2 protein chains.
Amino acid sequence: MRKIYLAGPDVFLPDAIAIGQRKKELCAHYGFEGLFPFDNEIDPNVADADRLIYRANEQMIRRADLGIFNLTPFRGPSADVGTVFELGAMVGLGKPVFGYTNIAENYLDRYKGTYTTRQEGEGKDAKWYDGNDMFIENYGNADNLMIGNALADHGGPLIRHRAAPERLFEDLTGFEACLRLASQALPKSA
Amino acid sequence: MRKIYLAGPDVFLPDAIAIGQRKKELCAHYGFEGLFPFDNEIDPNVADADRLIYRANEQMIRRADLGIFNLTPFRGPSADVGTVFELGAMVGLGKPVFGYTNIAENYLDRYKGTYTTRQEGEGKDAKWYDGNDMFIENYGNADNLMIGNALADHGGPLIRHRAAPERLFEDLTGFEACLRLASQALPKSA
């Protein structure tokens, strides 16, 4: 049975273990085995707990056959960097990647709605800059161009789902859509 | 001559080309060839420009022998997700990685200083949660635990440098420290 690494800031939720369990059950329903990261299974008070968690997660990524990534914006305009690191690692390892976000809007639209920006030019020639005068991408992507294009080239397109705000990190509609993409893209068992 | 992929949100700076040039010159000084990402060399108005940039950058990462990553917090408490994706890809490809940040503080201290948090318990047992009640890591790292530990396990420890605020994305002190680490860790030529 193919193993899916279940990446996301879900590990930081108060009910992380329960969310991991629900994701594993959905994986099983689609004929996969779900692997949930180790963050909550290593005592945070042991020496070098963070190093142990890192190594356990890296080994789990190496054991997995593919990954599904929760790329919902986290503590800012972009996805959780821990999750994005793992997405990159899977791509480097040559394994298929699928991902979802629970906020449907474009990066630029979300950024403009929340932070100070400066606009240069009008219409299709308009360019936007952030408060540090750094260029803001405007390709219609949900996040930095590396993320959506990595998914499209190495698995399936980013699933954008508009979740209810109070279910932002718990709504699994996009996750299940990724499972369907993965089961279409990959043979039933390895 | 070993090739270094030069990753960072530097590509979004108004003087991105000049910064890339300075980084390449420093690389040459230490006996390396610097490869600067393609973001500014592809016409943003051609069809699928973002896809072309992604593919050019991915190919450049595959051509590189190692990477140096600017992990300065960008538009939020964490590093630029494009850069972090590339860090993961290099680790997945088994290539050495080095990184720096131009803000020296711990993630938790920075987060508490800027955003609303909730504290549970006191002293060494204290735990912190963000506005979505999601756990905030407290391992003394500069960012998510995956980043610093990936660097420490696969290249060199994250260099933390306190840059002047007006030079936050341009100060190359940490970059040069990474070059020194890389030249100590790797044979002079490939």
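Owing to the predicted nature of the structure, the values given are computational and were not obtained by experimental measurement. What you see as residue numbers is a count from 1 along each chain, following the sequence as written. Note on labels: chains are lettered from A, ligands numbered from 1, in written order. For this predicted model, a pLDDT threshold of at least 70 governs which residues receive local features, and a threshold of 80 or more governs which side-chain atom pairs are given and counted, while totals over whole chains, interfaces and linings are taken from all residues. The basis for every side-chain value is the complete set of non-hydrogen atoms in the structure, without hydrogens or water.

### Digging into the side chain of T72(A)
Residue and element names in this part refer to chain A. Here is the rule: Secondary structure elements follow DSSP: runs of H or I no shorter than four residues count as helices, runs of E no shorter than two count as strands, and numbering proceeds from the N terminus. Pairs of N or O atoms within 3.5 Å make up the polar contacts considered here, provided that, within protein, one atom can donate a hydrogen while the other can accept it, and that residues adjacent in sequence are counted only when both atoms are side-chain atoms. Here, two residues are considered to be in contact whenever any of their heavy atoms come within 4.5 Å of each other.
Tracing the backbone shows T72 in the loop between β3 (66-70) and α3 (81-92). Within the structure, T72 has its side chain in polar contact with the side chain of N70 (distance 2.7 Å). In contact with T72, other than residues within four places in its own chain, are S78, A79, D80, Y100, T101, N102, I103, L168 and F169.

### Regarding the interface of chain B and chain A
Inclusion rule: Accessible surface is computed with a 1.4 Å probe, and the buried area is the amount of it that two parts give up when combined, taken over both parts together. A pair is scored as a salt bridge if a Lys or Arg side-chain nitrogen falls within 4 Å of a carboxyl oxygen belonging to Asp or Glu.
On the chain A side, the residues contacting the 55 residues of chain B number 55 residues. Between chain B and chain A, the buried area comes to about 4,700 Å², and carbon and sulfur atoms account for 61% of it. In this assembly, chain B and chain A are joined by 6 salt bridges. For R51(B), the salt bridge identified is with D153(A), shortest N-O distance 3.5 Å. Viewed at the interface, chain A and chain B are joined by 26 residue pairs in polar contact (both at pLDDT 80 or more). Residue assignment for the side of chain B that touches chain A shows that the elements contributing at least two residues are α2 (49-63), α3 (81-92), α4 (107-114), β7 (135-136) and α5 (145-154) of chain B. Ranked by residues supplied to the side of chain B that touches chain A, first place goes to α3(B) with 10 residues.

### Looking at the pairing of β3(A)
All names here are of chain A. The following threshold applies: When accessible area is computed with a 1.4 Å probe and restricted to protein chains, residues below 20% of their type maximum are described as buried, those above 50% as exposed, and intermediate ones as partly exposed. In short, DSSP must find at least two bridges between two strands for them to pair. For a crossover, the right-handed case is the one in which the path from the first strand over the helix to the second runs clockwise, viewed with the strands pointing away from the viewer.
Where burial is concerned, most of β3 is hidden: 5 out of the 5 residues are buried. Going residue by residue along β3, you find L66, I68 and N70 tucked away on one face and G67 and F69 tucked away on the opposite face as well. Direction of pairing for strand β1 (residues 3-7) relative to β3: parallel, over a ladder of 4 bridges. Bridged to Y5 within β3 is G67. Between the parallel pair β3 and strand β4 (residues 97-101), the chain is carried across by α3, and the sense of this crossover is right-handed.

### So, the confidence of the model for chain A
Here is the rule we go by: By definition, pLDDT measures how confident the predictor is in each residue, and it falls between 0 and 100.
Averaged over all residues, the pLDDT of chain A equals 95, while 98% of them reach at least 70. Listed scores for the predicted complex are pTM 0.97 and ipTM 0.97.

### Comments concerning the relation of the copies chain B and chain A
Quick note on the threshold: When the copies are superposed, the least-squares fit draws on C-alpha atoms of residues that have pLDDT of at least 70 in both.
Screw-axis analysis of chain B against chain A gives a translation of 0.0 Å along the axis, an RMSD of 0.0 Å, and a rotation angle of 180°. Read as a symmetry element, the transformation amounts to a two-fold axis. Looking at the interface residues of chain B, 100% of them are also at the interface in chain A, so both copies use one shared face.

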